[in-house]
Amino acid sequence: MNNLSILKNFPSSFIFGTATSSYQIEGNKYGGCGKSIWDDFARKKLNGIDGLNACNHYEYFEEDIKLIKGLGFNAYRFSFSWPRLFPENNNDINMDGVDFYKRLLDKILEKDLEPFPTLYHWDLPVRFSKIEGWENKDTCKRFAEFSYFISQQYGDLFKKIATVNEPWCVSWLSHYLGEHAPGKQNLKSAVSTMHNILLAHGLSVEALKTNNSHEIGIVLNNQYAEPLDQKEENLNAAKLFDSIHNRWFSDAIFKGKYPELSLGVLEDYLPKNYDNDLRTISHPLQWIGLNYYTRSIIKYHESEDGINYKTLRGFLKKTDMDWEYFPEGLSYFIKRINKEYDDKIPIFITENGMANDDKLNSKKEVDDDDRIEFFNLHLKEILKCIREGLTVKGYFAWSLLDNYEWAFGYTKRFGLVYVDFDNFKRIPKRSYYEFSKYLI
Ligand code: FCB
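Because the structure is a prediction, the values reported are computed rather than measured. (Residues numbered from 1 in each chain as written. Predicted model: local features only at pLDDT ≥ 70, side-chain atom pairs only at ≥ 80, totals over all residues. Heavy atoms only, no water.)

In this section: the site of the ligand. Close to the ligand lie Gln24, His121, Trp122, Asn165, Glu166, Tyr293, Glu351, Trp398, Glu405, Trp406 and Phe414, which account for all nearby residues. His121 has a polar side-chain atom sitting 2.8 Å from an oxygen atom of the ligand. In the complex, 95% of the free accessible area of the ligand, which totals 290 Å², lies under the protein chains. Because more than half of its atoms lie within 2 Å of the grid, the ligand is assigned to the largest pocket. Taken together, the residues that form the shell around the ligand break down as 5 nonpolar, 3 polar and 3 charged. (Near = heavy atom within 4 Å. Polar contact = N/O pair within 3.5 Å; in protein donor to acceptor, adjacent residues only side chain to side chain. Areas by Shrake-Rupley, 256 points an atom, 1.4 Å probe, with all protein chains shown as cover. 1 Å grid on protein atoms, 1.4 Å probe; cavity = no way out; pocket = protein on both sides within 12 Å on 5 of 7 lines; lining within 4 Å. Sits in = over half its atoms within 2 Å of the grid points. Nonpolar A, V, L, I, M, F, W, Y, C, P; charged D, E, K, R; others polar.)

The first and last C-alpha atoms of helix α9 (residues 232-255) sit only 28 Å apart over 24 residues, clearly below the 34 Å expected at 1.5 Å per residue. A maximum bend of about 55° is found in α9 at Arg247. Most of α9 sits inside the fold, with 17 of its 24 residues counted as buried. Backbone geometry just downstream of α9 places Gly256 in the positive-phi region, at approximately 70°. (Helix = DSSP H or I, 4+ residues; strand = E, 2+ residues; numbered from the N terminus. Expected span 1.5 Å × (residues − 1). Bend = angle between axes of the 7 residues up to and from the residue. Buried < 20%, exposed > 50% of the residue type's maximum accessible area, 1.4 Å probe, protein only.)

Applying the stated criterion to the full structure yields 37 salt bridges. Its salt-bridge partner being Glu324, residue Arg295 comes within 2.7 Å of it at the nearest N-O pair. Pair noted here: Arg295 is in strand β6 (residues 288-300) and Glu324 is in the loop between β7 (309-312) and α12 (328-341), with a separation of 29 residues, a long-range link. Of the two residues, Arg295 and Glu324, both sit in the buried class. As a salt-bridge pair, Lys359 and Asp357 come within 2.8 Å of each other at their nearest N and O atoms. Counted as one network, the salt bridges with shared partners bring together Asp358, Asp368, Arg371, Asp402, Arg413 and Lys429. (Salt bridge = Lys/Arg side-chain N within 4 Å of Asp/Glu carboxyl O.)

Using a probe with the size of a water molecule, rolled over the atoms, empty space left in the structure can be pinpointed. Reported here for the largest pocket is a volume of approximately 1100 Å³. In terms of lining residues, the largest pocket is bounded by 46 residues, among which Trp168, Leu173, Glu179, Gln223 and Trp323 are the most central. Those elements giving two or more residues to the lining of the largest pocket turn out to be α7 (167-175), β5 (215-227), α9, β6 and β7. With 7 residues, the top contributor of residues to the lining of the largest pocket is β6. Its residues assigned to classes, the lining of the largest pocket shows 22 nonpolar, 14 polar and 10 charged. Ile37, Ser129, His175, Ala181 and Pro182 are, among the 22 residues lining the second largest pocket, the residues nearest its centre. Among the elements of the structure, α2 (37-45) and α7 are those that each provide at least two residues to the lining of the second largest pocket. The greatest single-element share of the lining of the second largest pocket, amounting to 6 residues, is contributed by α2. The residue inventory of the lining of the second largest pocket, partitioned by class, reads 11 nonpolar, 5 polar and 6 charged. (Points joined across faces, edges and corners; volume = space filled by probe spheres on them.)

Our next topic: the pairing of strand β1 (residues 15-19). Taking burial as the measure, the 5 residues of β1 include 5 buried ones, the bulk of the element. Residue alternation in β1 divides its side chains into two sets, Ile15, Gly17 and Ala19 and Phe16 and Thr18, and both sets are buried. Pairing analysis gives 5 bridges linking β1 to strand β9 (residues 392-398), with the strands arranged parallel. In the strand pairing of β9, Thr18 is matched with Ala397. (Pairing = 2+ DSSP bridges.)

Encoded structure:
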């Protein structure tokens, strides 16, 4: 049996928390929430499997915050839902929504947890589809207004805030690969979104700064690129994958430029005069969030549009998402941030975790030993980084609850807590008790 005794070796100042996102848990049928692009996408592409109910966190949030406290954690990462706060347009506020986040933040603070809100975790109000969502710079401006609103409304209730969750998913996964809302498969849409979502981040930073002295960050997801073998064409393909998936976003944020390798294939699709925005995109940040799950095996594969690679299935142990366990990638990217971009910036692992085929046993318990192994392996890498003097300051397990896992609906269970979606009953898994054993 695996265990998490490694937790005893972490410095007492290290932050442990768990992460969720609004659309995945709240349930948008409650409290006057408006529709997002995910409702639309679910209806068209996912047989209507959507976040209408999700975990009904809207009504169960007090129990959920208690569960976080029971883990021995000291922080909670969640996201604000734009369609909940502004269901119809950017001027008419839904007071139920305003009240919900006030009660949520009050509860978090009452339990002595540090709130780590995110402004955008993918639930773009569906009304923006009419103007092509993030492909239109107007959406970026509206996002800045939304950011300003949040900071004015709740700014004295949190210190740290993240603008955008995983710009690669917002752009490439959703507009080139078509796997997430709005489900486009078009290189031009993808590249304009790769730029505009970063511009939205930059404008959001400006809006937040005019209002309050927040500590502002962004959350990037990095995926390790493993070339299939040492053949030059595969080595180059892996470099291109890394450049598009990872460096595009971190180079823009930290260095105010896009990597040459990506520009070679993507520059023609960028909005005109894109470089005028890079100064806005690269405003200094006070912390950086890193989401890390797995690696990809990359092989050269010629394609008409110049995206000359494809990803292959690897041979390492896999999670229920079919993602390989590759903990070494986590320390690799922490090191990369410190060595290549900024050696002082506080780094928070804002997501890490695994889907497991969890089932209730005869005692109505969940023994998720594989998940404990997964956490243990990744925590080991983090401890190594701390000992090397890298600036990693916190770790958020994805996720508190089994929830709506986007295109996979409710079939992939990532939670420390099992959710029975028929009645919203929460049942802590063994991994939950492993954390609390060492942290309380
Ligand atoms: C990340 C997302 C998060 C969750 C995990 C499994 O890419 O940020 O919402 O779906 O993957």
